[in-house]
Amino acid sequence: MSNILCDRLNIDYPIIQAPMAGVSTPELAAAVSNAGALGSVSVGASLPWQAEAMIKKTQQLTRYPFSVNVFCHEHPRRNPQQEKAWIAQFRDIFSYYGAEMPGELSEIYQSFHDNASMLEVLLSTAPAAVSFHFGIPSKTVIKSFSDRGILTFATATNIQEALLIESAGIDFIVAQGIEAGGHRGVFNVRENDHQLSTVTLVQAIKRVSSLPVIGAGGIMDGAGIASMLKLGTVGVQMGTAFILCPESSANEAYRQALKSENASRTLMTSVISGRPARCISNDFCKLARHLTSNNIPSYPLTYALGKSLAIAAAAKGDHGFGAHWAGQGASLAREMAASDMITTLVKEWREARSETS
């Protein structure tokens, strides 16, 4: 089809496989891109040399466009007293699993802000697109991508963020509704989250911004794609729909959680990572109900402990503390190769489009 997303990226279908740090792989991104959509990898959890290796591997697996995602979160504000108090709440659960409790929290993920080494990797490898989550970089950085011929995307969860994205010179807005799995892309976690649905957010952004909008959140099949495009989006971004693909790096516990009845129960929590994120309800979520969560350390400091607990529990055969990020449509996830997923989605979308025409 012909629309601005497809035309500017030279892809066949207006479908973006969401980056999903920790789940997306070069193999998944390449398979999606080879099938005519836009594959994505996230380097938000990677060091520059790891990011370069991931991007180059993806380039080896596909000659088609793909996107690379980075995290633009604020640098964490350190508060030793708060951090020690947070760690102390987990003393009993670490003891239960016979694991040593972390002595301190660490900044396990680098922010893209002021990260000259990561910027150099992206400019030198020059993927077709770069997307930003948790915020946006400076106009100077954005212009450097534009000068290199790299398209830019940024996540917005409300109108104010969308307007900031537009004023910064970014090419596309990804409207992330509250239904979406994984971390909310909110710029400032200290402000009230508007929690708009994807449908409402898309329409609200289109009223105030002239930038092309991509819908993200709760889209699991071709009918969902058709509905989003009918609202006036130029494409959709889908994450949970691709987790069960064999090319993703989701472990067996994650896959079983998506296949279970529990997949219909997702909730938003900040306790695992320090930022609000939607996941399948599990033991970590149950534990969170009994924790004092008023003073959660900044992201990604909290995530350092969350990951340590998940590792400690998994070592004893308990996988209920894994961060099984998933959207509200998790129970609709299907297990098939990424190329077959794109073929199926396109077929369903065309059928839904013909039924309403």
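These figures come from a predicted structure and were not determined experimentally.

S.K.: Mind showing me how you'd approach the overall build of the protein here?
M.R.: Per the secondary structure count, the protein includes 14 helices and eleven strands. Its C-alpha atoms give the protein a radius of gyration of 20 Å, within 12% of the compact-globule value 21 Å for 357 residues. When its C-alpha atoms are laid out on the principal axes, the protein stretches across 60 × 45 × 40 Å. Per-residue burial for the protein yields a buried fraction of 58% across its 357 residues.

S.K.: Whenever I open this one, the pattern of salt bridges confuses me. Can you help?
M.R.: If charged atoms from side chains of opposite charge come close, those side chains can pair. Under the counting rule described, the total for this entry stands at ten salt bridges. When the shortest N-O distance is used, the salt bridge between arginine 190 and glutamate 74 registers 3.2 Å. Taken as a pair, arginine 190 in the loop between strand 7 (182-183) and helix 9 (198-208) and glutamate 74 in the loop between strand 3 (66-71) and helix 4 (80-88) lie far apart in primary sequence, 116 residues in all. Classification of arginine 190 as partly exposed rests on a relative accessible area of 47%. For arginine 184, the salt bridge is made with aspartate 193, and the minimal N-O distance between the two is 2.8 Å.

S.K.: So what exactly am I meant to see when it comes to the nonpolar core here?
M.R.: In globular proteins that are soluble, nonpolar side chains generally tend to be buried together. Membership of the largest hydrophobic core comes to 105 residues, with the highest contact counts inside it found for Ile15, Phe90, Phe112, Phe132, Phe145 and Phe242. Apart from residues no more than four positions distant in its own chain, phenylalanine 145 is found in contact with Phe112, Leu119, Leu122, Leu123, Val130, Phe132, Ile150 and Thr152. Counting residues in hydrophobic clusters, the runner-up holds 14 residues, among them Leu9, Ile11, Ile16 and Val234.

S.K.: So what exactly am I meant to see when it comes to the packing of helix 10 (residues 222-230) against helix 14 (residues 338-356) here?
M.R.: At a closest axis distance of 7 Å, the pairing of helix 10 and helix 14 adopts a crossing angle of 55°. Between helix 10 and helix 14, the crossing angle belongs to the class labelled oblique. In this structure, helix 10 crosses over helix 14, and the sense of that crossing is right-handed. Where helix 10 abuts helix 14, its residues Gly222, Ala223, Ile225, Ala226, Leu229 and Lys230 lie against Leu345, Glu348, Trp349, Ala352, Arg353 and Thr356. Residues belonging to the contact of helix 10 with helix 14 are distributed by class as follows: seven nonpolar, two polar and three charged.

S.K.: Looking at this structure, I do not really get the packing of aromatic side chains. What am I missing?
M.R.: Each aromatic ring pair is specified by the distance between its two centres and by the angle formed by the two planes. Taken as a whole and judged by the stated rule, the model has 16 aromatic pairs. Summarising the aromatic geometry, the rings of phenylalanine 132 and phenylalanine 145 are spaced 6.1 Å apart at their centres and angled 45° between planes, so their arrangement reads as tilted. Taken together, the residues phenylalanine 132 in strand 4 (residues 129-133) and phenylalanine 145 in helix 7 (residues 139-147) connect sequence positions 13 residues apart. Judged on exposure class, the residue phenylalanine 132 and its partner phenylalanine 145 are both buried. Where phenylalanine 153 meets phenylalanine 172, the ring centres are 4.7 Å apart and the plane angle is 10°; that geometry is what we call stacked.

S.K.: In this structure, what is going on with the sheet that holds strand 11 (residues 277-280)? I would like to understand it.
M.R.: To summarise the sheet geometry, strands pair through backbone hydrogen bonds and adopt either a parallel or an antiparallel arrangement. Ordered in space as 7-11-10, the three strands form an open sheet in which the pairing is antiparallel. Each edge of the open sheet is held by one strand with a lone partner, namely strand 7 and strand 10 (266-269). Across four bridges, the pairing between strand 10 and strand 11 is antiparallel. Among the inter-strand pairings, leucine 267 is bridged to a residue of strand 11, identified as cysteine 279.

S.K.: How should the pairing of strand 6 (residues 172-176) be read in this particular structure?
M.R.: Sheet faces and side chains relate simply in a regular strand, where the side chains alternate between the two faces. A large share of strand 6 lies buried, amounting to five of its five residues. Neither face of strand 6 is exposed, since Phe172, Val174 and Gln176 on one face and Ile173 and Ala175 on the opposite face are all buried. In this structure, strand 5 (residues 151-156) lies alongside strand 6, joined through four bridges in parallel fashion. Bridging across to strand 6, alanine 154 finds its partner in isoleucine 173. One crossover worth recording links strand 5 to the parallel strand 6 by way of helix 8 (residues 159-167), and it is right-handed.

Rules behind the numbers
- Residues numbered from 1 in each chain as written.
- Predicted model: local features only at pLDDT ≥ 70, side-chain atom pairs only at ≥ 80, totals over all residues.
- Heavy atoms only, no water.
- Helix = DSSP H or I, 4+ residues; strand = E, 2+ residues; numbered from the N terminus.
- Rg over C-alpha atoms; globule rule 2.2 N^0.38 Å.
- Buried < 20%, exposed > 50% of the residue type's maximum accessible area, 1.4 Å probe, protein only.
- Salt bridge = Lys/Arg side-chain N within 4 Å of Asp/Glu carboxyl O.
- Core = buried A, V, L, I, M, F, W, Y, C linked by side-chain atoms within 4.5 Å.
- Contact = heavy atoms within 4.5 Å.
- Axes fitted to C-alpha atoms, helices over the stretch in contact; angles between N-to-C directions.
- Parallel < 35°, antiparallel > 145°, perpendicular 65-115°, else oblique.
- Left-handed = near helix turned anticlockwise from the far one by under 90°.
- Nonpolar A, V, L, I, M, F, W, Y, C, P; charged D, E, K, R; others polar.
- Phe/Tyr/Trp six-rings, centres within 6.5 Å; stacked < 30°, edge-to-face > 60°.
- Pairing = 2+ DSSP bridges.
- Right-handed = clockwise from strand over helix to strand, strands pointing away.

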